[in-house]
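Read off the chains here:
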Amino acid sequence: MKTMSGSSKFEAIFKGIHQLIEEDGLRPGDRLPSERELSERLNAGRSSVREVLRSLELLGLISTRRGEGTFLEPVYAHQFVDLLAGFILKNENAKKDVMEMRMILEIGAVRLIQKHQVTKEQTAHLEYLVEKMKRLVYDHQNPKKVMMDFHAYLIKLTDNYLLTRVWHPVVCFEKAISKEKDNEEKIYQKMIACYEEIVDAIKEKREWSAISCLERLFAAWRSIRTGNSHHESSSGMELDLTD
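Residues numbered from 1 in each chain as written. Predicted model: local features only at pLDDT ≥ 70, side-chain atom pairs only at ≥ 80, totals over all residues. Heavy atoms only, no water.

Asks: Run through the overall build of the protein, naming residues and quoting values.
Replies: Along the backbone of the protein there are ten helices and four strands. Helices and strands appear in the protein in the N-to-C order α-α-α-β-β-α-α-α-α-α-α-α-β-β. For the protein, the residues scored as buried account for 44% of the 243 residues in total. The contacts in the protein between residues at least 6 apart in sequence include a share of 64% that link residues at least 24 apart. Here the protein has roughly 13500 Å² of accessible surface; of this, 50% comes from carbon and sulfur atoms. (Helix = DSSP H or I, 4+ residues; strand = E, 2+ residues; numbered from the N terminus. Buried < 20%, exposed > 50% of the residue type's maximum accessible area, 1.4 Å probe, protein only. Contact = heavy atoms within 4.5 Å. Areas by Shrake-Rupley, 256 points an atom, 1.4 Å probe, with all protein chains shown as cover.)

Printed below as a string of structure tokens:
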């Protein structure tokens, strides 16, 4: 396999693992080759192989057993995975559409959260994550991982297992096919203000305010990827990312 970068690398490894499974005649319950062996056979870096394996595990296609290895799970229970994987690998508009799907899932999550009794401990954890973002930006470090932790915690607050199972692979594939610029400090500062508003809206049960802020956040993510400083959310509200 030729050396590649970005989404083409992810796609090549994804397809390579699928081909190896067929060539080796592996069936559900069989053990996959080790990460090292996959890396050698696919001529790919171990970190890249590990990322694809993690995606497959989040999707439920494989499972890792400590001390034993990685095993194939029954494929018949994962029609959604086949649909999503095939779509992402073939559709030129996948990046845009996957982000839109993620936004729909998270807006639904906010609505579910508003129906629950969110505890002070839970909102305190959201506030802790926001403060952590602020410290990272202040220290000129990238806050993207903590931002993702914030979104993951929102999903967790829904207490909806199926939503969690769908959201994680969508985010994982979105990350794999997206290319982001380096740290965009000014944009991150404006995004953090949105996160603060989301926490306040959740505490005060202002569902539509939380959703509006979430849409502005996704507009900001798009700006980081495209380099545009103005984006309009689906609600028609423009997010000005300039000074």
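Moving on from the coordinates now.
Asks: Break down the packing of aromatic side chains for me, with residues and values.
Replies: Counting across every chain of the model gives two aromatic pairs. Centroid distance F10 to F14: 6.3 Å. Interplanar angle 25°. Geometry classified as stacked. Of this pair, F10 and F14 are both found in helix α1 (residues 6–23), four residues apart, which corresponds to roughly one turn of the helix. As far as the burial class goes, F10 and F14 line up, both buried. Taking 4.8 Å as the distance between ring centres and 70° as the angle between the ring planes, the aromatic pair formed by F150 and Y195 counts as edge-to-face. Here Y195 lies in helix α9 (residues 185–203) and F150 lies in helix α7 (residues 144–157), a separation of 45 residues in the sequence. Summarising the burial analysis for this pair, F150 and Y195 share the class buried. Over the ring of F71 we find R65, and its NZ or CZ is 3.9 Å from the ring centre. (Phe/Tyr/Trp six-rings, centres within 6.5 Å; stacked < 30°, edge-to-face > 60°. Lys NZ or Arg CZ within 6 Å of the ring centre and 35° of its normal.)

Asks: Give a detailed account of the nonpolar core, specifying residues and quantitative values.
Replies: Ranked by size, the top nonpolar core spans 36 residues in total, and within it L126, M147, F150, M191 and Y195 carry the most contacts. If you list the elements that add at least two residues to this core, you get α5 (94–115), α6 (120–138), α7, α9 and α10 (207–226). Considering each element in turn, this core owes the most residues, ten residues, to α9. In terms of nonpolar packing, the next biggest core, distinct from the first, is built from 19 residues, I17, A44, I62 and L72 among them. (Core = buried A, V, L, I, M, F, W, Y, C linked by side-chain atoms within 4.5 Å.)

Asks: Can you explain the pattern of salt bridges? Please cite residues and give values.
Replies: Inspection of the entire model under this criterion finds 13 salt bridges. For the salt bridge of E40 with R36, the shortest nitrogen-to-oxygen distance reads 3.6 Å. Taken together, the residues span about one helical turn, with E40 and R36 both in helix α2 (residues 35–42) at a distance of four residues. Each member of the pair, E40 as well as R36, is classed as exposed. (Salt bridge = Lys/Arg side-chain N within 4 Å of Asp/Glu carboxyl O.)

Asks: Tell me about unusual backbone geometry, and name the residues and values.
Replies: The backbone phi angle of N43 is positive, close to 55°, even though this residue is not glycine. Position of N43 among the secondary structure elements: in the loop between α2 and α3 (46–59). Classification of N43 by relative accessible area gives partly exposed; the value is 49%. Even without a glycine there, the phi angle at D159 is positive, about 55°.

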